Amino acid sequence: MPEVSETVDGREKATNERLVFFSDAVVAIALTLLALELPVPHGRSDAEVWGAFREHLPDYVMFLLSFAVIAALWASHKWLFGRIGAFSPRLLWLNFTWLLGIALVPFATKVLLEDSPYQISAVLYAAVVGGTGLALINMVRHCRVRGLLRPGSAPEIMRRFQLFLTFPTVAFLLSIPIAFVSLSGAKYGWAVVFTLTALAARWATRPGAEPVRERSGDRTRRSAGARRPGGRRGPQ
C-alpha cells in the first residue's frame, strides 16, 4: 500500500520545522563533543608545549576531518530540507537514522585516535560516515519517489544532488576493505574524497540548482493572457 504523505500546512509545517530544529541541535552537540575530545598540550616551557602540540598533530587533523564530515552532512541536510514541501512518517525515521550517524561520529573519531594502529578503528569510522551518507541518500530518494519535494525542485537538480551524495558515501564504504590492506591508504583516501567532494558540491549546488521561482514578468504575461477580449477575465 503506497505511503500517504501529509501536506506541510499548519500542524504538519510545524512538525517539519521542529524536525529541522532538533536536527540542528544534535549536529551542534556532536561538533561540541568533538572539540571536548581535543588533547591539550602540556609542558614546562614554550618548547615543550610546541613539542607536545606536534605530538598531538594527528589528533588535530582527525578533528578537522570529522568536523568537515559533520559540516558537509549538515549542509547537505539543510539543502535538502529547504526543498521539501511535505511530510511523511518514513521521512521522520530516516532523519533519525541520519542523526544516529551524526551522534556516532565523535565516538568513531575517539576510537580512531586511541586505537589508530588497529584496522577496526578505521573500519568503524568509515562505516559510520558511509552509513550516515546512505541515510541521507535514502531521504533524497524517498522525497523524490513520494512527491514530497516542492514543485520548483527540478528532477534533474535532485538527481544531480543525489549523485553528489553518492560519490563520498561509496568512497568511504570502499575504504573499509582498503583498511585491511593499508590503514594509511584508507585514511589518506578520506582526505582525497573530501577534496573532490568540495569541488562536486560547487557543481551540485550552483545557482542553476536553485528552485525555480516565478518571475513577475511571467505573472504579468499570464495574467494578461487570462483575459478575454473586451477586458473580461476567462474562467478561473
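What you see is a predicted model; the values in this text were computed from it and never measured.

**Focus on the overall build of the protein**
Phase 1 of the analysis: In terms of helices and strands, the protein carries 8 helices and 2 strands.
Phase 2 of the analysis: Secondary structure elements in the protein, listed N-terminal to C-terminal, are β-α-α-α-β-α-α-α-α-α.
Phase 3 of the analysis: Expressed as a percentage of the 236 residues in the protein, the buried residues total 36%.
Phase 4 of the analysis: Within the protein, contacts between residues separated by at least 24 positions form 76% of all contacts whose residues are at least 6 apart in sequence.

**Side note on the side chain of Ser66**
Phase 1 of the analysis: Counting through the fold element by element, Ser66 comes out in helix H3 (residues 57-81).
Phase 2 of the analysis: What makes Ser66 buried here is its relative accessible area of 0%.

**A closer look at the nonpolar core**
Phase 1 of the analysis: Core analysis: the largest hydrophobic core is formed by 52 residues, its most contacted members being Leu80, Trp98, Tyr125 and Phe172.
Phase 2 of the analysis: Listing elements by their share of this core, those giving two or more residues are helix H1 (11-36), H3, helix H4 (89-114), helix H5 (119-145), helix H6 (155-179) and helix H7 (183-204).
Phase 3 of the analysis: Considering every element that reaches this core, the biggest residue donor is H5, with 12 residues.
Phase 4 of the analysis: Discounting residues that sit within four places of it in the chain, Trp98 has contacts with Ser23, Val27, Leu73, Trp74, His77, Thr132, Ala135, Leu136 and Met139.

**Structural notes on the packing of aromatic side chains**
Phase 1 of the analysis: Scanning the entire structure with this criterion turns up 9 aromatic pairs.
Phase 2 of the analysis: When the centroid spacing of 4.9 Å and the interplanar angle of 35° are considered together, the rings of Tyr125 and Trp190 count as tilted. In this pair, Tyr125 is assigned in helix H5 and Trp190 in helix H7, connecting sequence segments 65 residues apart. Each member of the pair, Tyr125 as well as Trp190, carries the same accessibility label: buried.
Phase 3 of the analysis: Each ring, one from Phe172 and one from Trp190, has its centre 5.8 Å from the other, and the planes form 15°; the classification is stacked. Of this pair, Phe172 sits in helix H6 while Trp190 is found in helix H7, placing the two residues 18 residues apart along the sequence. Residue Phe172 shares its accessibility class with Trp190, and that shared class is buried.
Phase 4 of the analysis: A network of ring pairs unites the aromatic residues Phe22, Trp93 and Phe96 as a single cluster.
Phase 5 of the analysis: One cation-aromatic arrangement involves Arg83 over Trp79; the distance from NZ or CZ to the ring centre is 3.8 Å.

Parameters at a glance
Here the residue numbers are simple positions, counted from 1 along each chain's written sequence. At least 70 in pLDDT is required for a residue's local features to be given in this predicted model, at least 80 for side-chain atom pairs to be given and counted, and no such filter applies to totals for whole chains, interfaces and linings, which use all residues. Calculation of side-chain values draws on the structure's entire complement of heavy atoms; hydrogens and water are dropped beforehand. Per the convention used, a helix needs a DSSP run of H or I reaching at least four residues, while a strand needs a run of E reaching at least two, with both numbered from the N terminus. Partly exposed describes any residue whose relative accessible area lies between the buried limit of under 20% and the exposed limit of over 50%, with all areas from a 1.4 Å probe on protein chains only and scaled to the type maximum. Should any heavy atoms of two residues lie within 4.5 Å, those residues are counted as being in contact. To form a nonpolar core, buried Ala, Val, Leu, Ile, Met, Phe, Trp, Tyr and Cys residues must be joined to one another through side-chain atoms within 4.5 Å. Aromatic contacts are taken between Phe, Tyr and Trp rings whose centres are within 6.5 Å, Trp giving its six-membered ring; a plane angle under 30 degrees counts as stacked, one over 60 as edge-to-face, and the others as tilted. Two conditions define a charge sitting above a ring: the NZ of Lys or the CZ of Arg must be within 6 Å of the ring centre, and it must be within 35 degrees of the ring normal.

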